[in-house]
Amino acid sequence: FSASPIAFNVVLSGWPENIERVDSYFKHILTIKRLYKSCLLLLNGHKLNLKNPTGPIDIYWRGRHNGSLMLLLAYLITCNKYWKKIPIRLIRVATNENLLQAKEELSLLIKEARIEAKAIVLSADFPFDTILKSTSSNSSLIFIFRTP
């Protein structure tokens, strides 16, 4: 329910620092899902250096379902004076047979969005967590869309 003329469809939430609150936290996430809302989780937000970012903003692209929202959020973050010079990297993990097609799709998306970003396509030869650690370990912010 929303009292404003525009109903919200995204809930932004931080991760609980107290381990005893995790169970109730997941109940809230399930409620958000039942209300057909998207949920953005800020993990390790207390460690996020908002005034002195050093690495890129990485977006792991899995399709247009929520990928466009992630690209827009990344762009809006770079409108902040501290994040203005931080590059956005649009990353997709693809099979070797689809590498060229994936690169073309990302390049087209960037062109259509008119947002400055670098398209990176990585081979799915390794587990995702290995790819994530090796590619984004120095990133300032990482967007990942996970399906339930």
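In what follows, the accompanying structure is described. Quick caveat, the model's predicted, so the values are computed rather than measured. (Residues numbered from 1 in each chain as written. Predicted model: local features only at pLDDT ≥ 70, side-chain atom pairs only at ≥ 80, totals over all residues. Heavy atoms only, no water.)

Some thoughts on the environment of Thr95
Put simply, the rule is: For the purposes of this entry, the term helix denotes a DSSP run of H or I that reaches at least four residues, the term strand denotes a run of E that reaches at least two, and both are numbered from the N terminus.
Along the polypeptide, Thr95 turns up in the loop between strand E4 (88-94) and helix H3 (99-113). C-alpha of Thr95 to C-alpha of Ala124: the two residues are 29 residues apart in sequence and 5.3 Å apart in space.

A word on the pairing of strand E5 (residues 118-123)
The test is simple: Think of it this way: DSSP has to see at least two bridges between two strands before they count as a pair. For a crossover, the right-handed case is the one in which the path from the first strand over the helix to the second runs clockwise, viewed with the strands pointing away from the viewer.
Relative to E5, E4 is paired through six bridges, and the arrangement is parallel. In the strand pairing of E5, Val93 is matched with Leu122. A crossover connection joins E4 to the parallel E5 through H3; in handedness this β-α-β unit is right-handed.

Some remarks on the sheet that holds E4
We apply this condition: The convention used is that axes are lines fitted to C-alpha atoms, helices contributing only their stretch in contact, and that angles between N-to-C directions extend from 0 to 180 degrees. Contacts are residue-level and defined by heavy atoms, with any inter-residue pair within 4.5 Å sufficient.
In spatial order, the strands read E5-E4-E3-E6; together these four strands make up an open sheet with parallel pairing. Looking at strand neighbours, the two that pair on one side only are E5 and strand E6 (141-144), the edges of this open sheet. Each neighbouring strand pair of the sheet contributes to a mean axis angle of 20°, computed without reference to strand direction. Of the pairings in the sheet, the one linking strand E3 (residues 57-60) to E6 comprises four bridges and is parallel in character. Each bridged residue has a counterpart across the sheet, and for Ile59 the counterpart in E6 is Phe143. Sitting on the sheet, H3 is in contact with E4 and E5, with an inclination near 160° to E5. Where helix H4 (residues 128-136) meets the sheet, it contacts E3, E4, E5 and E6, and its direction lies at approximately 160° from that of E3.

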